[in-house]
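The lines below spell out each chain.
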Amino acid sequence: MSTVEEIKSAISALSKEDYIHLREWLSEKDWEQWDKEIERDSSSGKLDFLAEEAVAEKNRGLFDKF
């Protein structure tokens, strides 16, 4: 049996409370990884195009409606 299959089996055997706790922990880990990825992309300039697009739209008056 593979490690993933063992983990799946162990998860299936968890109590409802432990399952909820695990799910919350995994969600937090996902968000932490997402935050780190966004920070890396931002620092490296990969997201500069988003700021440029926003400035261009503002200059065209697209935000005047709000």
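Structure first, text after, so check above.
Note that the structure is predicted; figures quoted are calculated from it, not measured. (Residues numbered from 1 in each chain as written. Predicted model: local features only at pLDDT ≥ 70, side-chain atom pairs only at ≥ 80, totals over all residues. Heavy atoms only, no water.)

Notes on the overall build of the protein
Rules: In DSSP terms, a helix is any run of H or I states spanning at least four residues, a strand is any run of E spanning at least two, and both are numbered starting from the N terminus. In this treatment the radius of gyration is a C-alpha quantity, and the globule benchmark scales as 2.2 Å times the residue count to the 0.38 power. Buried means the residue's accessible area, taken with a 1.4 Å probe over protein chains only, is under 20% of the maximum for its type, while exposed means over 50%, and partly exposed covers the values in between.
On a plain count of helices and strands, the protein comes out with three helices and zero strands. Reading the protein from its N terminus to its C terminus gives the helix and strand order α-α-α. For a compact globule of 66 residues, the expected C-alpha radius of gyration is about 11 Å, and the protein comes in at 21 Å, more than 25% above that figure. Seen through its principal axes, the protein has C-alpha atoms that stretch 55 × 30 × 15 Å. The proportion of buried residues among the 66 residues of the protein is 3%.

Structural notes on a nonpolar patch on the surface
Inclusion rule: Note that patches include only residues with greater than 30% relative accessible area and no salt bridge, and the join distances are 9 Å for like charges and 5 Å for nonpolar side chains (Val, Leu, Ile, Met, Phe, Trp, Tyr). Only the protein chains shown count as cover for residues, and the accessible areas themselves come from Shrake-Rupley with a 1.4 Å probe. One speaks of a salt bridge when a side-chain nitrogen belonging to Lys or Arg is within 4 Å of a carboxyl oxygen belonging to Asp or Glu.
A surface patch of nonpolar side chains, about 340 Å² in accessible area, is lined by Trp31, Trp34 and Ile38. Checked against the element boundaries, Trp31 lands in helix α2 (residues 16-44).

Focus on the side chain of Asp41
Quick note on the threshold: Should any heavy atoms of two residues lie within 4.5 Å, those residues are counted as being in contact.
Looking at the element boundaries, Asp41 is found in helix α2. When residues no more than four places from it in sequence are discounted, the contact partners of Asp41 are Lys46 and Leu47.

So, a negative patch on the surface
The line we're drawing: Under this rule, positive means Lys or Arg and negative means Asp or Glu; His and the chain ends count for nothing. To locate a charge, take NZ of a lysine, CZ of an arginine, CG of an aspartate or CD of a glutamate.
Among the surface-exposed residues, Glu24, Glu28, Glu32, Asp35 and Glu39 lie close enough to one another that they form a single negatively charged patch. Turning to its location among the elements, Asp35 is positioned in helix α2. Asp35 sits in the partly exposed class, given a relative accessible area of 47%.

What is shown is where atoms sit, not what they do.
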